[in-house]
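Next come the chains, spelled out residue by residue.
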Amino acid sequence: MDTEESRTEENRAGDAERRKPAISLDRLSSRYRLEFEELSTEFHGKCPVAWNDTHGGYWFTSGHKELFDLARRADVLSNDFDVEGVRRGYQGISIPSPTGERRFRGGFLEMDPPEQRYYRQALNPYLSPAAVQGWKPVIEEITRACLDEKIESGRIDFVDDLANIVPAVLTLALLGMPLKDWDVYCEPIHAMVYTPMDSPLYERVRELQMTMGVHMMETINGIRNNPRPGLIDELVTCEINGYRPDDMEIFGVLLLLIGGGFDTTTALTAHSLEWLSEHPDQRERLSRERETLLDSATEEFLRFYTPAQGDGRTISQDCVINGTEFKEGDRLWLSWAMANRDEKVFEDPHTIHLDRKGNRHNSFGLGIHRCIGSNVARATFKIMLTQVLDRMPDFVCDPAGAVHYDTTGVINGMKHLPATFTPGKRLGAGLDETIAKMQRVCDEQRLAEPVTVRKARAKLDD
Ligand code: HEM
């Protein structure tokens, strides 16, 4: 055996020694979804950080403290997706790694500082709490219109008719895109999360994605030539660490904003409504005591359902953290979802307590990549939820029609959630008319300006 070979042999033996304790969990399998509670409890007890031998092997962090100590260590973690192989060859935040189909970075979520920090500085004024305040009348009006479309019939699909639409229209408004185009994005964005590549439906999803991609590129160019306020305008004019992002980079950021904005808020809303239907006494209490309960209930639904279940990293330098020896190049999964069920931090972790106090959940992530859209998400969720409580207080979801994602290892989402309720009266115009009106409001009042320029709330009265 020559020196090279014996060194490789030694490395392998060393890896086997340090990659302990070991587990074998395919996050994309039904076992992950069906045995989630048992697996969480087992891992917290035995191996809060473990080597998972599926998908090429990676560290799996399930413990709350362990995740807290790791996720904030930007000095030893990288989010970089090195598509061209010109840096260190890292594979970004997806585990398993992206297939040959995805040859662009997922926006600044797959970048490290300083670039990532420049993007956040540029986009924060569009997504801050003060900026979101300005949008609330618009969110309320779109929600009202969605419910009006169904209120007289006594039937609704909470996913298709509400939770898919409101976040989609709002995200397009924030971006400065035409609101009426929300359905170009809605189906492909949701379907690409839950349709596996071997599904017969995948071809259609690909076609929808192509249409969406062309639309996105046209919109980027359109806004570059004819500026209109919004996140896209910021992206085509901003400087990132001394350079102007090219179209492909902007495309990745846009997809990140659209993906981040759509599926997660939809997933949270659908699951919460399903739970409230199953617990009518809790629903009445939440409605009655919303002044004091709505905030804590929102955080508890976020904790319990954790719409974005986890994210990947690459270890960027050898280090030992809490006794685990990590080597440069190792992959790591931060399981926000399992850390959110850690019994060392959350009493009775597998039960929803609407009034849970000091809820230190990780559902928006931790550290430098923490969700930049959390204010938008919370506001949108609360508006949808309270309007349903007000206008459809006795809704009953149909368990036979409720469809959860087959694979929940990335997004814990729902495809459908049909429900019935006592019919009520419409309060205003339908969805198309309302979207057209909101477009006029956005344009005339330049609502999508950053909060540094525009501070007033949207005014909807004619
Ligand atoms: C309930 C809704 C949402 C949940 C649960 C959620 C969850 C998350 C999580 C866990 C991260 C951190 C990922 C990581 O560290 O690897 C994140 C990042 C991000 N989210 Fe959200 N998100 C939500 C809504 C939104 C919305 C509405 C937007 C846009 C308007 C958005 C845009 C982003 C962006 C751009 C990042 C990347 C931040 C960075 O890399 O610096 N998210 N989100």
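Keep in mind it's a predicted model, so treat the numbers as computed, not measured.

1. What to know about helix H6 (residues 129-151)
- Taking 1.5 Å as the rise per residue, H6 with 23 residues should run 33 Å; its terminal C-alpha atoms sit 31 Å apart, in good agreement.
- Tryptophan 135 marks the point of greatest bend in H6, at about 45°, and the proline proline 137 comes within the next four residues.

2. Details of the side chain of histidine 361
- Structurally, histidine 361 can be placed in the loop between helix H15 (336-339) and helix H16 (374-391).
- A polar side-chain atom of histidine 361 sits 3.1 Å from the main-chain amide nitrogen of serine 363.
- Not counting the four nearest positions on each side in its chain, histidine 361 is found in contact with Glu299, Leu302, Arg303, Asn340, Phe346 and Arg378.

3. Here's the deal with the pattern of salt bridges
- Going through the model one piece at a time under the given rule, you end up with 33 salt bridges.
- The partner of arginine 288 in a salt bridge is glutamate 289, with the nearest N and O atoms 3.6 Å apart.
- Residues participating in the shared-partner salt-bridge network are Asp15, Arg18, Arg19 and Asp330.

4. Regarding the packing of aromatic side chains
- Taken as a whole, this structure holds 12 aromatic pairs when the rule is applied.
- The interplanar angle of 80° and the centroid separation of 5.1 Å between the aromatic rings of tryptophan 51 and tryptophan 59 together place this pair among those described as edge-to-face.
- For tryptophan 51, a relative accessible area of 9% corresponds to the buried category.
- With a centroid separation of 5.7 Å and 70° between ring planes, the pair formed by tryptophan 275 and phenylalanine 301 is classed as edge-to-face. With a gap of 26 residues between them, tryptophan 275 in helix H12 (residues 247-278) and phenylalanine 301 in helix H14 (residues 290-305) connect regions that are remote in the sequence.
- Chaining the aromatic ring pairs together yields one cluster made of Phe43, Tyr58 and Phe60.
- Above the plane of the ring of phenylalanine 395 lies arginine 283, whose end atom (NZ or CZ) is 4.6 Å from the centre.
- In this structure, arginine 303 packs its charged tip against the face of phenylalanine 346, placed 5.2 Å from the ring centre.

5. Some words on unusual backbone geometry
- Cis rather than trans, the peptide bond between lysine 20 and proline 21 has omega equal to -10°.
- Position of proline 21 relative to the elements: it lies in the loop between helix H1 (3-18) and strand E1 (22-23).
- Cis peptide bonds are those with omega within 30 degrees of zero, and the linkage from isoleucine 95 to proline 96 qualifies with 0°.
- Phi at histidine 55 takes a positive value of approximately 50°, unusual for a residue other than glycine.
- One can find histidine 55 in the loop between strand E2 (49-52) and strand E3 (58-61).

6. With respect to the coordination of the iron atom of the ligand
- Protein coordination of the iron atom of the ligand is limited to a single donor, Cys371 (SG), positioned at 2.3 Å.
- As for its placement among the helices and strands, cysteine 371 is situated in the loop between H15 and H16.

7. Some thoughts on the domain arrangement of the protein chain
- Looking at the assigned domains, one finds that the protein chain contains domain 1 (1-71 + 75-101 + 311-360) and domain 2 (113-308 + 363-462).
- Here the C-alpha centroids of domain 1 and domain 2 sit 29 Å apart.
- Counting residues at the interface gives 26 residues for domain 1, matched by 30 residues for domain 2.
- Both faces considered, domain 1 and domain 2 share a buried interface measuring about 2400 Å² in area, 57% of it formed by carbon and sulfur atoms.
- Interface area lost by domain 1 to domain 2 is led by Trp336, Ile352 and Leu354, which between them contribute 32%.
- At the boundary of domain 1 and domain 2, one finds two salt bridges.
- The shortest N-O distance in the salt bridge between glutamate 300 and arginine 356 comes to 2.9 Å.
- On the surface where domain 1 and domain 2 come into contact, there are 16 residue pairs in polar contact (both at pLDDT 80 or more).

8. Examining the packing of H14 against H16
- Relative orientation of the contacting elements H14 and H16 amounts to 120°, with a least axis distance of 11 Å. By the angle class used here, H14 and H16 are oblique. Pair H14 / H16 crosses with right-handed handedness. Together, Arg290, Leu294, Asp295, Thr298, Glu299, Phe301 and Leu302 of H14 and Arg378, Phe381, Lys382, Leu385, Thr386, Leu389 and Asp390 of H16 make up the contact between the two elements.
- Here the residues of the contact of H14 with H16 are counted per class, giving six nonpolar, two polar and six charged.

9. Quick word on the pairing of E2
- Where burial is concerned, the two faces of E2 agree: the one with Val49 and Trp51 and the one with Ala50 and Asn52 are both buried.
- Pairing geometry for E1 and E2, over two bridges, is parallel. Across the sheet, residue alanine 22 finds its bridge partner in E2, namely tryptophan 51.
- Connecting E2 to the next strand, E3, in antiparallel fashion are five residues, including histidine 55 with a positive phi near 50°.

10. Here we look at the sheet that holds E3
- If you walk across this open sheet you meet the six strands as E1-E2-E3-E9-E6-E4, and the pairing is mixed. In this open sheet, the two strands that pair with only one neighbour each are E1 and strand E4 (77-78).
- On top of the sheet, helix H4 (residues 64-71) reaches E2, E3, E4 and strand E9 (331-334); it is set at about 125° to E9, its chief contact.

11. Notes on the environment of glutamate 152
- Turning to its location among the elements, glutamate 152 is positioned in the loop between H6 and strand E5 (155-157).
- Residues contacting glutamate 152, with those up to four places away along its chain left out, are Pro423, Gly424 and Arg426.

12. Quick notes on the packing of H12 against helix H13 (residues 280-288)
- Packing of H12 against H13 leaves a shortest axis separation of 5 Å and a crossing angle of 115°. When the interaxial angle is binned, H12 and H13 end up roughly perpendicular. Between H12, through Trp275, Leu276, Ser277 and Glu278, and H13, the contact on the second element is made entirely by Pro280, Gln282, Arg283 and Leu286.
- Class assignment for the residues of the contact of H12 with H13 results in four nonpolar, two polar and two charged.

Calculation rules
Residues numbered from 1 in each chain as written. Predicted model: local features only at pLDDT ≥ 70, side-chain atom pairs only at ≥ 80, totals over all residues. Heavy atoms only, no water. Helix = DSSP H or I, 4+ residues; strand = E, 2+ residues; numbered from the N terminus. Expected span 1.5 Å × (residues − 1). Bend = angle between axes of the 7 residues up to and from the residue. Polar contact = N/O pair within 3.5 Å; in protein donor to acceptor, adjacent residues only side chain to side chain. Contact = heavy atoms within 4.5 Å. Salt bridge = Lys/Arg side-chain N within 4 Å of Asp/Glu carboxyl O. Phe/Tyr/Trp six-rings, centres within 6.5 Å; stacked < 30°, edge-to-face > 60°. Buried < 20%, exposed > 50% of the residue type's maximum accessible area, 1.4 Å probe, protein only. Lys NZ or Arg CZ within 6 Å of the ring centre and 35° of its normal. Donors = N, O, S within 2.8 Å, 3.2 Å for Na, K, Ca; no water. Domains from an automatic or database assignment. Buried area = accessible area lost by both parts, 1.4 Å probe. Axes fitted to C-alpha atoms, helices over the stretch in contact; angles between N-to-C directions. Parallel < 35°, antiparallel > 145°, perpendicular 65-115°, else oblique. Left-handed = near helix turned anticlockwise from the far one by under 90°. Nonpolar A, V, L, I, M, F, W, Y, C, P; charged D, E, K, R; others polar. Pairing = 2+ DSSP bridges.

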